[in-house]
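Examining the three-dimensional arrangement
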Amino acid sequence: MFWTDKIRQVKITLMTAAVLIAGASLIVSHFLVKDLAHEERKRMEIWAEAIRSLSVAGSDTDLNLVLKVLEENNTIPVIVTDARGDVQTYRNVEIDAADASDSMMVARKKAEMMRAHQQSIKVKLTEAPDDYLLVCYDDSSLLKRLAYYPYIQLGVVMIFVVIAIFALLTSKKAEQNKVWVGLSKETAHQLGTPISSLMAWTEILRETYPDDALIPEMDKDVRRLQLIADRFSKIGSTPEKQEVVLAELLQHVVDYMNRRTSQKVQITLEVDEEDARISVNPQLFEWVFENLCKNAVDAMEGRGNIHIHAFREEGRMSIDVTDNGKGIERKNVKNVFRPGFTTKKRGWGLGLSLARRIVEEYHNGSIYVLRSEVGRGTTFRIEV
């Protein structure tokens, strides 16, 4: 739980930092764009005044300053039209047309678009109402790039955050796998020596007291310990699979659970295809159903019904394990397979995590909560 909470805090911190950076960039860029647009408007007003001076200039007027103002505009697209909308001249505007008449038509449409965006300046030539020019302009390429920049920056920041979170989760998962595998194999190794001794002592007792009824039961428990050690030893390595009859495998689990639970717990088995076979590692796959049944017994507090139903669906075998226990709250459904998550006062929260590892990683199947209702029970489904 500690590692999970820590990773969640790091993800929240990274996402918060990304949002703050993006928000700050958007705000700063907004004001920069606004200021630059205001400056370009002023430049266009000066440029429009230069156009007016050029239009009304006499033969003896010095036009050097006017022409210099007009020539210095190399960034802002501008189109000058008369009162009827006919194009008089344009500058810094790309026109793709075959001839002059077509180019004027294209320029006129562009000017209409500029006017629609309220980017035009009216230049009065005389007092006549229809004697004026319209200086239509568009944002410069610099202003457009600056307007798009924060969104590009936002995308880069989000990519960085996603990569950082992915790397963090990958390293965390790799570390968890190493700890998980090391712990499992060390557990199997530590169990090996005392189990071998117990098996030898059992054989001695059998020879010494051949008629003792307790010795076979002791032998079953020792062999059960051996099976558990074998299961732990298989964690982290590719398990050997074999074809088994599903009904027999499930019946073996039911028989074991019936011996280990009280008579207040009723376990029923229903298999639609009695001869259905699946390719699995029997020891590990039985472990999955034992974990599910043990969790169901805990959820029912030692009293209730567990129903196991195996059937074929869309070419795959599906097995439902249903109990009538206390159910799972909706907010916890997605967390039940997370290592360390448990609602029990005593528990490591590893049983369902181990079950998912066995089903999904070792057998290429899937395990999930099919349905759950608080106070009525839960159904887990396994597909292989």
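What you see is a predicted model; the values in this text were computed from it and never measured.

What follows deals with the overall build of the protein. When helices and strands are counted, the protein shows eight helices and 11 strands. By the compact-globule yardstick of 21 Å for 384 residues, the protein is too spread out, its C-alpha radius of gyration being 39 Å. Looking at the protein alone, contacts between residues at least 24 apart form 65% of all its contacts between residues at least 6 apart. Of the roughly 23,700 Å² of accessible surface on the protein, 56% is carried by carbon and sulfur atoms.

Moving on, we get to the environment of Arg338. With respect to the helices and strands, the residue Arg338 is situated in the loop between strand E9 (316-323) and helix H8 (351-362). Since its relative accessible area comes to 16%, Arg338 is described here as buried.

Once that is clear, we can look at the sheet that holds strand E6 (residues 265-271). What the five strands build is an open sheet, ordered E6-E8-E9-E11-E10; its pairing is mixed. The open sheet has two free edges, formed respectively by E6 and strand E10 (366-373), since each of these has just one partner strand. Taken pair by pair, the neighbouring strands of this sheet meet at an average axis angle of 15 degrees, ignoring direction. Note: E9 against strand E11 (residues 377-383), six bridges, orientation antiparallel. Bridging from a neighbouring strand, Val321 pairs with Phe380 of E11. Where H8 meets the sheet, its contacts fall on E10 and E11, and the angle it forms with E10 comes to roughly 135 degrees.

This paragraph deals with the side chain of Asp320. Tracing the backbone through its elements, the reader meets Asp320 in strand E9. Among the polar contacts made by the side chain of Asp320, one reaches the side chain of Arg381 at a distance of 2.7 Å. Ignoring anything within four residues of it in the chain, the contact list for Asp320 reads His307, Ile308, His309, Phe311, Leu370, Thr379, Phe380 and Arg381.

Of note, Glu301 is a non-glycine position whose phi angle comes to about 55 degrees, a positive value. Checked against the element boundaries, Glu301 lands in the loop between helix H7 (282-299) and strand E8 (304-313). Positive phi outside glycine occurs at Asn364, with the angle close to 55 degrees. As for its placement among the helices and strands, Asn364 is situated in the loop between H8 and E10. By relative accessible area, Asn364 is classed as exposed at 59%.

Glancing now at the packing of aromatic side chains. In the structure shown here, the tally under the stated rule is two aromatic pairs. Here the aromatic rings of Phe285 and Phe289 are separated by 5.5 Å at their centres, their planes lie at 70 degrees, and the arrangement is edge-to-face. Highlighted residues: Phe285 and Phe289, both in helix H7, separated by four residues, approximately one helical turn. Just as Phe285 is buried, Phe289 falls in that class too. Ring centres of Phe337 and Phe380 lie 6.1 Å apart, and the angle between their planes is 85 degrees; on these two criteria the pair is classed as edge-to-face. With Phe337 in the loop between E9 and H8 and Phe380 in strand E11, this residue pair connects regions lying 43 residues apart in the sequence. Since its relative accessible area comes to 8%, Phe380 is described here as buried. If you follow Lys122 out to its NZ or CZ, it ends over the ring of Tyr132, 4.4 Å from the centre.

Residue placement: Thr378 occurs in strand E11. Residue classification places Thr378 among the buried positions, given a relative accessible area of 4%. Of the polar contacts made by the side chain of Thr378, one reaches the side chain of Ser372; its length is 2.8 Å. Excluding its chain neighbours within four sequence positions, the residues that come into contact with Thr378 are Val321, Thr322, Asp323, Gly327, Ile328, Val369, Arg371 and Ser372.

For the coordinates displayed, the defined rule picks out 19 salt bridges. For the salt bridge of Asp82 with Arg84, the shortest nitrogen-to-oxygen distance reads 3.7 Å. Its relative accessible area of 64% is what places Arg84 among the exposed residues. Arg108 is paired through a salt bridge with Glu112; the nearest N and O atoms lie 3.9 Å apart. A residue pair is termed a helical-turn pair when its members lie 3 or 4 positions apart in one helix, as Arg108 and Glu112 do in helix H3 (residues 100-116) at four residues. Given a relative accessible area of 29%, Arg108 falls into the partly exposed group. Shared partners join several salt bridges into a network, and the residues in it are Asp82, Arg84, Asp86, Arg108 and Glu112.

The rules behind the values
Residues numbered from 1 in each chain as written. Predicted model: local features only at pLDDT ≥ 70, side-chain atom pairs only at ≥ 80, totals over all residues. Heavy atoms only, no water. Helix = DSSP H or I, 4+ residues; strand = E, 2+ residues; numbered from the N terminus. Rg over C-alpha atoms; globule rule 2.2 N^0.38 Å. Contact = heavy atoms within 4.5 Å. Areas by Shrake-Rupley, 256 points an atom, 1.4 Å probe, with all protein chains shown as cover. Buried < 20%, exposed > 50% of the residue type's maximum accessible area, 1.4 Å probe, protein only. Pairing = 2+ DSSP bridges. Axes fitted to C-alpha atoms, helices over the stretch in contact; angles between N-to-C directions. Polar contact = N/O pair within 3.5 Å; in protein donor to acceptor, adjacent residues only side chain to side chain. Phe/Tyr/Trp six-rings, centres within 6.5 Å; stacked < 30°, edge-to-face > 60°. Lys NZ or Arg CZ within 6 Å of the ring centre and 35° of its normal. Salt bridge = Lys/Arg side-chain N within 4 Å of Asp/Glu carboxyl O.

Such coordinate-based values are descriptive only and should not be taken to indicate function.
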